[in-house]
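For reference, the chains in residue letters:
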Amino acid sequence: MEFEFKFQIPPERLPAVEAALRRGAVQRVHLQARYFDTADGALAAHGMVLRLRKEGRRWVQTAKAAGAGPLQRLEHEVDLGAARAAASAVPDLRLHQGTAVGARLQQVLGAEPVLLETYGTDIWRQRRVVRVGRSMVELALDVGQVNAPAVGGGRRVSPVCELELELVQGDAQALAGLARRWAQRHGLWLSTLSKAERGERLRAGAGTVPAVKARAPEFPAQPSGRAIQQAVLAACLAQVLPGASEVAAGNTDAEQLHQLRIGIRRLRTALRALAPLAPGLDPAWEAPLVQVFRVLGTQRDREQALGLVQPLLQAAGGPPVQWPAEDDATAARPGEAVRAPAFQAVLIELVGFAAAEAAAPGLDAAAARRALRRQLRRLQARVLEDAARFTSLAPEAQHRTRRRLKRLRYLAEFVAPLWGKAKDAATYLQALRPAQDLLGRQHDEAVACGLYRAAAMQDPRAWFGAGWLAARQPEGARACAEALGRIAGAAPFWKKHGGKRN
């Protein structure tokens, strides 16, 4: 199992990173790799990699597949020696037989696949091994390029300038501590973009990729409180890390920003709700997450007003509005916020926590489920209390109800597998959706109303939108209250008995 951190290096920081690396014994090697797949991209579709790489004078065949955690990968390497024939051959899949990766290859490719070269890399690597306590970590500075054939001839090229820290032996948290120090010292940011993914993007000519959405955690049998924490955090990070990687690199796609914000909200819910299950979750992680969440929210609020509400107003006969331009000097920049050292440090520490061997298991499986049941019951009760008085609540309190409902939904999604009742959980979560949708629309219109009022200071035509949106709020609040009240009729899956984990 490969466990590593990969960081992007700002070009202006490369000399300092190289100088720091060279304070110890460094091995420099030229790596030239050729990647293979089927004509229809079967390996890429399953997140797998198959390559031949020339390391100095020797050839190595490597197969990789996704591992259990967001920064873990299954990997198997075979040294082919200095065989010159390897320069023109395709990989021999038999070399991976009897390994976890080999089994995946067989499952995806079948017995006799036809493999084609898809893209290549040309990298100069400087490698150094350091000791951190009782752990050993390899640092690898890679500078070079990924290249792929271009339509009409020639090759597309993507530059590579990154630092990898891989755990050779020892503890994941020791690796995380070293990774945090390098990132803070040199202004590095985490990236989940592998060289293989760069190659696939070049091959497809893709400038953007779909945003990663939330996934359910995978629990061991009868998990302790610490194991539940780790499984849920790993699932949250599997959404947050790719999104943060994209945004840090300058991707401003609206869906990327939206899914990253969802991922951070889920992560914050997990940190709050799961803290009683076992020690170790640091309350200091919250503040940097909140800071980035707010920056992403500011971006989304403006887009919602301009992209969704304004067409509705125009359909209602409202005049066009001259929106004030964002002040470049004060506007929050998502990329800058994600690259901020405090946020990067939290991500690194969370990855280390999720991957570390559990030193303190916390509550046992039965006690953990009881604690989670109490939280779910309490959250639902508070949502129903709010429902009874929702129309009389101030907008800030209505928004608090929306946040509570989101926490209830996310916590229910996290822990539903612990009760082994997928159908019951799905029914319960579906019962929350109408209220969630209405509360979301109510909030978006309240925010848009404020934006229109602010715009009216420069363009009086915006008062039409502010008034129209304000007039809709009471009716919207009544609809929200009714939808919230119907949650009382949803059967809580955590009260069911007889599941495989109950």
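Just above, that's the structure.
Note that residues are indexed from 1 along each chain, following the sequence as it is written. With the structure being a predicted model, the display of local features is reserved for residues of pLDDT at least 70 and the display and counting of side-chain atom pairs for 80 or more, all residues being used for whole-chain, interface and lining totals. Heavy atoms from the whole structure form the basis of all side-chain values; hydrogens and water molecules are not counted.

## Topic: the overall build of the protein chain
(1) Moving on: By definition, any uninterrupted DSSP run of H or I lasting at least four residues is a helix, any uninterrupted run of E lasting at least two residues is a strand, and each is numbered from the N terminus. A count of helices and strands for the protein chain gives 14 helices and nine strands.
(2) Moving on: For 502 residues, the compact-globule formula gives about 23 Å, and the C-alpha radius of gyration of the protein chain, at 26 Å, lands near that figure.
(3) Moving on: Expressed as lengths along the three principal axes of its C-alpha atoms, the size of the protein chain is roughly 75 × 60 × 45 Å.
(4) Moving on: The buried share of the protein chain, reckoned over its 502 residues, is 51%.
(5) Moving on: Long-range contacts, defined here as pairs at least 24 residues apart, represent 74% of the contacts in the protein chain between residues at least 6 apart.
(6) Moving on: Calculation of accessible area relied on Shrake-Rupley with a 1.4 Å probe; when residues are assessed, cover is drawn exclusively from the protein chains displayed. Carbon and sulfur atoms provide 51% of the accessible area of the protein chain, an area that totals close to 23,300 Å².
(7) Moving on: Taking the average location of the 71 positive side-chain charges in the protein chain and that of its 48 negative ones, the two points are 5 Å from each other. Between the two quantities, the radius of gyration covers C-alpha atoms and the globule rule is 2.2 Å times the number of residues to the power 0.38. Buried means the residue's accessible area, taken with a 1.4 Å probe over protein chains only, is under 20% of the maximum for its type, while exposed means over 50%, and partly exposed covers the values in between. In what follows, residue pairs with any heavy atoms lying within 4.5 Å of each other are defined as contacts. Residues counted as positive are Lys and Arg, residues counted as negative are Asp and Glu, and His and the chain ends are not counted. For charged residues, the charge sits on one atom: NZ in Lys, CZ in Arg, CG in Asp, CD in Glu.

## Focus on a positive patch on the surface
(1) Moving on: Residues Arg272, Arg370, Arg374, Arg377, Arg378, Arg382, Arg400, Arg403 and Lys495 make up a contiguous surface patch of positive charge.
(2) Moving on: Taken together, the elements giving at least two residues each to the positive patch come down to helix H11 (365-388) and helix H12 (395-415).
(3) Moving on: For the positive patch, the leading source of residues is H11, giving five residues.
(4) Moving on: Counting through the fold element by element, Arg374 comes out in helix H11.
(5) Moving on: Assessed through its relative accessible area of 44%, Arg374 is described here as partly exposed. Each patch is built from residues that are more than 30% exposed by relative accessible area and take part in no salt bridge. Like charges join if they lie within 9 Å; nonpolar side chains (Val, Leu, Ile, Met, Phe, Trp, Tyr) join within 5 Å. Salt bridges are identified by distance alone: a Lys or Arg side-chain nitrogen within 4 Å of an Asp or Glu carboxyl oxygen.

## Quick notes on the pairing of strand S2 (residues 27-37)
(1) Moving on: Pairing between S2 and strand S6 (residues 116-132): eleven bridges, direction antiparallel. Pairing of Arg34 across the sheet is with Gly120, part of S6.
(2) Moving on: Note: two strands are recorded as paired if DSSP finds a minimum of 2 bridges between them. The pairing of S2 with strand S3 (residues 49-55) spans five bridges and is antiparallel. Paired with Arg34 across the two strands is Leu52, which belongs to S3.

## Concerning the pattern of salt bridges
(1) Moving on: Tallying each qualifying case throughout the model produces 25 salt bridges.
(2) Moving on: The salt bridge partner of Arg125 is Asp142, with a shortest N-O separation of 2.7 Å. With a gap of 17 residues between them, Arg125 in strand S6 and Asp142 in strand S7 (residues 135-149) connect regions that are remote in the sequence. Neither Arg125 nor Asp142 differs from the other in exposure class; each is buried.
(3) Moving on: Residues participating in the shared-partner salt-bridge network are Lys6, Arg125, Asp142, Glu162, Glu164, Lys195 and Arg198.

## Some words on the environment of Met48
(1) Moving on: With respect to the secondary-structure elements, Met48 resides in the loop between helix H2 (42-45) and S3.
(2) Moving on: Exposure remark for Met48: the relative accessible area of 5% places this residue in the buried category.
(3) Moving on: Residues Met48 and Leu105 lie 57 residues apart in sequence; the distance between their C-alpha atoms is 8.3 Å.
(4) Moving on: Beyond its immediate stretch of four places on either side in the chain, Met48 contacts Leu43, Lys64, Ala65, Val101, Arg104, Leu105 and Val108.

## Some thoughts on the packing of aromatic side chains
(1) Moving on: Stacked, tilted and edge-to-face are the three classes applied to pairs of Phe, Tyr and Trp rings, where Trp contributes its six-membered ring and a pair requires centres within 6.5 Å; stacked means planes under 30 degrees apart, edge-to-face means over 60, and tilted covers the rest. All chains considered together, the criterion is met by nine aromatic pairs.
(2) Moving on: Considering the side-chain rings of Tyr35 and Tyr119, the 4.7 Å spacing of their centres and the 25° angle between planes classify their relative orientation as stacked. With Tyr35 in strand S2 and Tyr119 in strand S6, the pair connects residues that are 84 residues apart, well separated along the chain. Residue Tyr35 shares its accessibility class with Tyr119, and that shared class is buried.
(3) Moving on: Each ring, one from Trp323 and one from Tyr452, has its centre 4.9 Å from the other, and the planes form 75°; the classification is edge-to-face. Taken as a pair, Trp323 in the loop between helix H8 (286-315) and helix H9 (334-339) and Tyr452 in helix H13 (residues 422-455) lie far apart in primary sequence, 129 residues in all.

## Topic: the nonpolar core
(1) Moving on: Core analysis: the largest hydrophobic core is formed by 103 residues, its most contacted members being Phe5 and Leu165.
(2) Moving on: In terms of residues, this core owes the most to one element, helix H6 (residues 225-248), which gives twelve residues.
(3) Moving on: Among buried residues, those of type Ala, Val, Leu, Ile, Met, Phe, Trp, Tyr and Cys that are joined through side-chain atoms within 4.5 Å constitute a nonpolar core. Of all hydrophobic cores here, the second largest spans 14 residues; its members include Ala42, Met48, Ala65 and Leu115.

## Re helix H3 (residues 100-109)
(1) Moving on: Within H3 the residues assigned to the buried category are Val101, Gly102, Leu105 and Leu109. Down the axis of H3, the buried side of the element spans an arc of 100°, and every buried residue falls inside it.
(2) Moving on: Close packing links the buried residues of H3 with H2, strand S4 (58-66) and strand S5 (72-81).
(3) Moving on: One or two residues past the end of H3 sits Gly110, with phi positive at roughly 80°. By arc we mean the arc of the directions from the helix axis to the C-beta atoms, nothing more.

## Considerations on the environment of Ala174
(1) Moving on: Its location among the elements puts Ala174 in helix H4 (residues 172-186).
(2) Moving on: Taking C-alpha positions, Ala174 is 41 Å from Lys495, a pair spaced 321 residues apart along the chain.
(3) Moving on: Here Ala174 is in contact with Val132 and Ser135, once residues within four sequence places are set aside.

## Re the environment of Gln229
(1) Moving on: The topology assignment puts Gln229 in helix H6.
(2) Moving on: For Gln229, a relative accessible area of 0% corresponds to the buried category.
(3) Moving on: Considered as a pair, Gln229 and Ala273 are 44 residues apart in the sequence and their alpha carbons are 9.5 Å apart.
(4) Moving on: Leaving out residues up to four positions away in the same chain, Gln229 has contacts with Leu274, Ala275, Leu277, Ala278, Pro279, Leu281 and Phe353.

## Regarding the pairing of S5
(1) Moving on: Across two bridges, the pairing between strand S1 (residues 2-8) and S5 is antiparallel. Considered in S5, the bridge of Glu2 is made with Arg73.
(2) Moving on: With eight bridges joining them, S4 and S5 adopt antiparallel strand pairing. Across the sheet, the residue bridging to Thr62 is Glu77, located in S5.

Worth remembering: the numbers are spatial, not functional.
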